[in-house]
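Here is what each chain is made of, one letter per residue.
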Amino acid sequence: LGGAAQPKQARARRTHDIPLDQHGRPKMPLQLGQAITILSLGKVKHDNANFHTDKYIWPVGYKCKRQYASTVEVDRKCDYLCEITDGGAKPLFRITPSDAPENREEGLSASGVWSAVMKKVNNRRQAKGIVESKTAVSGPEYYGLAYPEVRRLIQDLPGARQCATQPMG
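Residues numbered from 1 in each chain as written. Predicted model: local features only at pLDDT ≥ 70, side-chain atom pairs only at ≥ 80, totals over all residues. Heavy atoms only, no water.

(A) Summary view of the overall build of the chain. Helix and strand content of the chain: three helices and six strands. The order of α-helices and β-strands along the chain, N terminus first, is β-β-β-β-β-β-α-α-α. Residue burial in the chain is summarised as follows: out of 169 residues, 41% are buried. In the chain, of all internal contacts separated by at least 6 residues, the share reaching a separation of at least 24 is 49%. Of the roughly 10,000 Å² of accessible surface on the chain, a fraction of 49% belongs to carbon and sulfur atoms. (Helix = DSSP H or I, 4+ residues; strand = E, 2+ residues; numbered from the N terminus. Buried < 20%, exposed > 50% of the residue type's maximum accessible area, 1.4 Å probe, protein only. Contact = heavy atoms within 4.5 Å. Areas by Shrake-Rupley, 256 points an atom, 1.4 Å probe, with all protein chains shown as cover.)

Laid out in structure tokens, this is it:
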């Protein structure tokens with residue numbers, strides 16, 4: 001039948017139980033699926049609008065570990081340490097591969113640094129005659145910040161209510 005196109009369904013994301021310590025704070029490290037582990041939620045810098053948007057808060061000291069294709073051995077995965085640091089006026093996003101720490105990427109956006117990592121992986125893949133993978137990326141997703149559980153935990157940090165970020169339902 002020639003019916004109207006169906007709207008695209010949002011990808012369902014599995015929710016994760018968050019283990020809490022005796023003070024009601026989330027226990028770290030927090031494993032989310034097979035590829036990402038939250039190591040630290042960091043601290044909210046609410047008094048600088050560059051550290052939050054209507055969608056995300058970029059907490060200083062936030063750290064996670066994510067598995068992705070290595071820039072050294074492209075047929076293998078390695079762990080990447082993803083961090084948000086205080087760049088002064090703006091957050092600084094840093095990604096350090098576990099198998100080549102000297103190949104660290106830094107930049108002013110989560111998407112920008114992950115895109116740089118993906119380009120390195122693709123350059124290595126191309127050199128070995130392997131098909132390239134995507135380079136369009138959601139930095140917040142690869143940093144783990146798009147997980148609803150992580151967004152809620154960050155929105156519960158001191159100072160988060162003073163940010164412009166829309167609260168999770």
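Here the narrative resumes, following the displayed structure.
(B) Layout of the packing of aromatic side chains. One pass over the structure, following the stated rule, counts eight aromatic pairs. Relative to Tyr143, the ring of Phe93 has its centre 5.7 Å away and its plane inclined at 90°; by these criteria the two rings are edge-to-face. With Phe93 in strand S5 (residues 91-97) and Tyr143 in the loop between helix H2 (139-142) and helix H3 (148-155), this residue pair connects regions lying 50 residues apart in the sequence. What makes Tyr143 buried here is its relative accessible area of 0%. Its guanidinium or amino end placed over the ring of Tyr142, Arg66 lies 4.6 Å from that ring's centre, counting from NZ or CZ. (Phe/Tyr/Trp six-rings, centres within 6.5 Å; stacked < 30°, edge-to-face > 60°. Lys NZ or Arg CZ within 6 Å of the ring centre and 35° of its normal.)

(C) Summary view of empty space enclosed by the protein. Inspection of the entire model under this criterion finds one cavity of 30 Å³ or more. The computed volume of the largest cavity comes to approximately 60 Å³. Taken together, Lys55, Tyr56, Ile57, Leu145, Arg151, Ile154, Gln155 and Thr165 form the lining of the largest cavity. Within the lining of the largest cavity, the residues separate by chemical class into four nonpolar, two polar and two charged. (1 Å grid on protein atoms, 1.4 Å probe; cavity = no way out; pocket = protein on both sides within 12 Å on 5 of 7 lines; lining within 4 Å. Points joined across faces, edges and corners; volume = space filled by probe spheres on them. Nonpolar A, V, L, I, M, F, W, Y, C, P; charged D, E, K, R; others polar.)

(D) Structural view of the pattern of salt bridges. According to the stated counting rule, one finds seven salt bridges in the structure shown. In this structure, Asp156 and Arg161 form a salt bridge, with 3.6 Å as the shortest nitrogen-oxygen distance. For Arg161, a relative accessible area of 66% puts it in the exposed group. Members of the salt-bridge network, linked through shared partners, are Glu83, Arg94, Arg104 and Glu106. (Salt bridge = Lys/Arg side-chain N within 4 Å of Asp/Glu carboxyl O.)

(E) Just the pairing of S5, in detail. Summarising burial for S5: seven of the seven residues are buried, a large majority. The alternating pattern of S5 places Pro91, Phe93, Ile95 and Pro97 on one face and Leu92, Arg94 and Thr96 on the opposite face, and all of these are buried. Where strand S4 (residues 77-86) lies against S5, seven bridges are found, and the strand directions are antiparallel. Bridging across to S5, Asp86 finds its partner in Pro91. Here S5 pairs with strand S6 (residues 105-107) via three bridges, running antiparallel. Residue pairing for S6: Phe93 is matched across the bridge by Gly107. (Pairing = 2+ DSSP bridges.)

(F) The arrangement of the pairing of strand S2 (residues 36-40) in detail. Examined bridge by bridge, strand S1 (residues 30-32) and S2 share three bridges and lie antiparallel to one another. For Leu32, the partnering residue across the bridge sits in S2 and is Ile36. Joining the antiparallel neighbours S1 and S2 is a turn of three residues, in which Gly33 adopts a positive phi near 70°. Two strands pair when backbone bridges link them, and S2 and strand S3 (residues 63-69) are joined in this way by four bridges, in the antiparallel orientation. Residue pairing across strands places Ile38 opposite Cys64, the latter belonging to S3.

Geometric values such as these leave the question of function open.
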